[in-house]
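Take a look at the letters that make up each chain.
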Amino acid sequence: MVQVFTDFYERTDGYLPELITTDGYAVYETVILDTYGVWREELGLTQGGRGRVERTGMAEFYFPVEITYARVLKEHQGGPRGEGEQ
């Protein structure tokens, strides 16, 4: 799974997708953060920007606000998957 996100990131030259959706598998969130997240010191902030960040208490690890991440959780009724579905 890490390879899928890393491959996409490399093929798109680090392009930030507007939306990433996954199912309920918890590992996806960690992989997405690792792929697109940036450490605060790597943001290239100016001296004034650093001061503002320190005053507002920005986290050490930053996830771009340009990306919306959504988890889609499905619930199946009527037994195991596939039963009763047409």
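Residues numbered from 1 in each chain as written. Predicted model: local features only at pLDDT ≥ 70, side-chain atom pairs only at ≥ 80, totals over all residues. Heavy atoms only, no water.

Any chance you could break down the environment of G24 for me, citing the residues and the numbers?
Among the secondary structure elements, G24 is positioned in the loop between β1 (19-22) and α2 (27-36). Judged by its relative accessible area of 34%, G24 is partly exposed. The spacing of G24 and K74 is 50 residues in sequence and 8.4 Å in space, taken between C-alpha atoms. Look past the residues within four positions of G24 in its chain and what remains in contact with it is R71, V72 and L73. (Helix = DSSP H or I, 4+ residues; strand = E, 2+ residues; numbered from the N terminus. Buried < 20%, exposed > 50% of the residue type's maximum accessible area, 1.4 Å probe, protein only. Contact = heavy atoms within 4.5 Å.)

Which residues make up α2, and what are the values?
Every buried residue of α2 is listed here: V31, I32, T35 and Y36. The buried side chains of α2 occupy one side of the element, clustering within an arc of 110° when seen end-on. In this fold, the buried residues of α2 make contact with α1 (2-11), β1, β2 (38-39) and β4 (68-71). (Arc of directions from axis to C-beta.)

Which residues make up a nonpolar patch on the surface, and what are the values?
Together, M1, Y25 and V27 make up an exposed nonpolar region whose accessible area comes to about 260 Å². As for its position among the elements, M1 is in the segment before α1. Judged by relative accessible area, M1 falls into the partly exposed class, the value being 34%. (Patch = residues over 30% accessible without salt bridge, like charges linked within 9 Å, V, L, I, M, F, W, Y side chains within 5 Å. Areas by Shrake-Rupley, 256 points an atom, 1.4 Å probe, with all protein chains shown as cover. Salt bridge = Lys/Arg side-chain N within 4 Å of Asp/Glu carboxyl O.)

Would you mind going over the environment of R71 in detail, with residue names and values included?
Tracing the backbone shows R71 in strand β4. Along the primary structure R71 and T22 are separated by 49 residues, whereas in three dimensions their C-alpha atoms are 5.0 Å apart. Setting aside anything within four residues of it in sequence, one finds R71 in contact with T22, D23 and G24.

Now, about the side chain of T35: what can you tell me, with residues and values included?
Note on placement: T35 falls in helix α2. Looking at T35, the relative accessible area reads 15%, which means it is buried. One polar contact links the side chain of T35 to the main-chain carbonyl oxygen of V31, over a distance of 2.8 Å. The contact partners of T35, leaving out residues within four places of it in the chain, are F5 and Y9. (Polar contact = N/O pair within 3.5 Å; in protein donor to acceptor, adjacent residues only side chain to side chain.)

I'd like to hear about the pairing of β1, residue by residue, with values.
Of the two faces of β1, only the one carrying I20 and T22 is buried; L19 and T21 on the other face are not. Here β1 runs beside β4; their pairing, made up of four bridges, is parallel. Following the sheet pairing, I20 is matched in β4 by Y69. (Pairing = 2+ DSSP bridges.)

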